[in-house]
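# Survey of secondary and tertiary structure
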Amino acid sequence: DAGVIQSPRHEVTEMGQEVTLRCKPISGHNSLFWYRQTMMRGLELLIYFNNNVPIDDSGMPEDRFSAKMPNASFSTLKIQPSEPRDSAVYFCASRSGTGRGGYTFGSGTRLTVV
Amino acid sequence: GESVGLHLPTLSVQEGDNSIINCAYSNSASDYFIWYKQESGKGPQFIIDIRSNMDKRQGQRVTVLLNKTVKHLSLQIAATQPGDSAVYFCAENIGGSARQLTFGSGTQLTVLP
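Here we summarise the structure given alongside this text. (Residues numbered from 1 in each chain as written. Chains lettered and ligands numbered in written order. Predicted model: local features only at pLDDT ≥ 70, side-chain atom pairs only at ≥ 80, totals over all residues. Heavy atoms only, no water.)

## A short note on the overall build of chain B
Looking only at helices and strands, chain B features zero helices and ten strands. From first element to last, N terminus to C terminus, chain B shows the α and β order β-β-β-β-β-β-β-β-β-β. When the 113 residues of chain B are sorted by exposure, 40% land in the buried category. Here the analysis covers contacts within chain B between residues at least 6 apart in sequence; of these, 53% occur between residues at least 24 apart. As presented, chain B carries roughly 5800 Å² of accessible surface, and 47% of it is formed by carbon and sulfur atoms. (Helix = DSSP H or I, 4+ residues; strand = E, 2+ residues; numbered from the N terminus. Buried < 20%, exposed > 50% of the residue type's maximum accessible area, 1.4 Å probe, protein only. Contact = heavy atoms within 4.5 Å. Areas by Shrake-Rupley, 256 points an atom, 1.4 Å probe, with all protein chains shown as cover.)

## Quick word on the interface of chain B and chain A
The partner chain A presents 24 residues to the 24 residues of chain B that form the contact. Here chain B packs against chain A, burying approximately 1900 Å² in sum over the two surfaces, 53% of which is carbon and sulfur. One can count zero salt bridges joining chain B with chain A. The interface formed by chain B and chain A contains five residue pairs in polar contact (both at pLDDT 80 or more). Those elements giving two or more residues to the side of chain B that touches chain A turn out to be strand 3 (32–38), strand 4 (45–51) and strand 9 (100–103) of chain B. For the side of chain B that touches chain A, the per-class residue count stands at twelve nonpolar, seven polar and five charged. (Buried area = accessible area lost by both parts, 1.4 Å probe. Salt bridge = Lys/Arg side-chain N within 4 Å of Asp/Glu carboxyl O. Polar contact = N/O pair within 3.5 Å; in protein donor to acceptor, adjacent residues only side chain to side chain. Nonpolar A, V, L, I, M, F, W, Y, C, P; charged D, E, K, R; others polar.)

## Some details on the state of the cysteines
What we call a disulfide is simply a covalent bond connecting the sulfur atoms of a pair of cysteines. In this structure the tally under the stated criterion is two disulfides over all chains. Each disulfide pairs two cysteine sulfurs, and for Cys23 of chain A the partner residue is Cys92 of chain A, the sulfurs being separated by 1.9 Å. Handedness of the Cys23 of chain A-Cys92 of chain A disulfide follows from its S-S torsion of about -65 degrees: it is left-handed. Residue Cys23 of chain A is found in strand 3 (residues 19–24), and its partner Cys92 of chain A is found in strand 9 (residues 88–95); the two are separated by 69 residues along the sequence. Note on accessibility: Cys23 of chain A and Cys92 of chain A belong to one class, buried. Through a disulfide, Cys23 of chain B is tied to Cys90 of chain B; the S-S separation comes to 1.6 Å. Of the two residues, Cys23 of chain B is situated in strand 2 (residues 19–24) and Cys90 of chain B in strand 8 (residues 86–95); the sequence distance between them amounts to 67 residues. For the residue pair Cys23 of chain B and Cys90 of chain B, the accessibility class agrees, reading buried in each case. (Disulfide = S-S within 2.5 Å.)

## Things to note about the pattern of salt bridges
If you walk through the whole model with that rule in mind, you get eleven salt bridges over all chains. As a salt-bridge pair, Glu39 of chain B and Lys42 of chain B come within 3.8 Å of each other at their nearest N and O atoms. In this structure, Asp84 of chain B engages Arg61 of chain B in a salt bridge whose closest nitrogen and oxygen atoms are separated by 2.9 Å. With Asp84 of chain B in the loop between strand 7 (72–77) and strand 8 and Arg61 of chain B in the loop between strand 5 (56–58) and strand 6 (62–67), this pair connects stretches of sequence that are 23 residues apart. Taken together, the shared-partner salt bridges in this structure form one network comprising Glu62, Arg64, Glu83, Arg85 and Asp86 of chain A.

## Points about the nonpolar core
Membership of the largest hydrophobic core comes to 21 residues, with the highest contact counts inside it found for Trp34, Leu77 and Tyr90 of chain A. Only strand 3, strand 4 (31–38), strand 5 (42–50), strand 7 (65–71), strand 8 (74–79), strand 9 and strand 11 (109–113) of chain A provide two or more residues apiece to this core. Residue contacts for Tyr90 of chain A: discarding those within four places in its chain leaves Gln6, Leu21, Tyr35, Arg36, Leu46, Phe65, Leu77, Ile79, Gly108, Thr109 and Leu111 of chain A. Counting 19 residues, the second largest nonpolar core, distinct from the first, contains Tyr25, Tyr88, Cys90 and Val111 of chain B. (Core = buried A, V, L, I, M, F, W, Y, C linked by side-chain atoms within 4.5 Å.)

In structure tokens:
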């Protein structure tokens, strides 16, 4: 099991550019979560999907942020246009719908917008 | 003055001693709690969980205690090792079928040689 796979690991982009973060959840997990981590605000839930359907996107900060999950094995988080205050580490996590246990997190994407 | 960032509580312990990390949660309706460990440059890693119908659960070298009366959670690490140095987060399930979790701000544990 390769775990939750995120790409890229690091992204440096200029303000105004579009940024796309990618996530491959663990096979068989039916819930997927996008989190953002900053020193100011800690870990914040942005959006989560259940069976590929967005359930709660109330954590998405602005319309500049969008997320999709076209199938059970892939999700994207897009920021367009990006701003310096979007700089953070973005984590994807997935969870099985059965049994106990928390999420399995990916290694994160460190985004720097200059 | 305005905070410029999260002021993570810090805990320093000698290698071999026991560590106790505390967490206060906010919602009395929360029914599921998890402790995560996050090492530098990595994502949070599941350590142990506990449901609200329990007050104690033990794992390998770790014990979680839950006091619902005062909404307090603690993580005890026995015989702390250098590899235990990390930021530790507690998380609570506020509700929802997808086990949506809300994370605390974290505690930085440093193990001294």
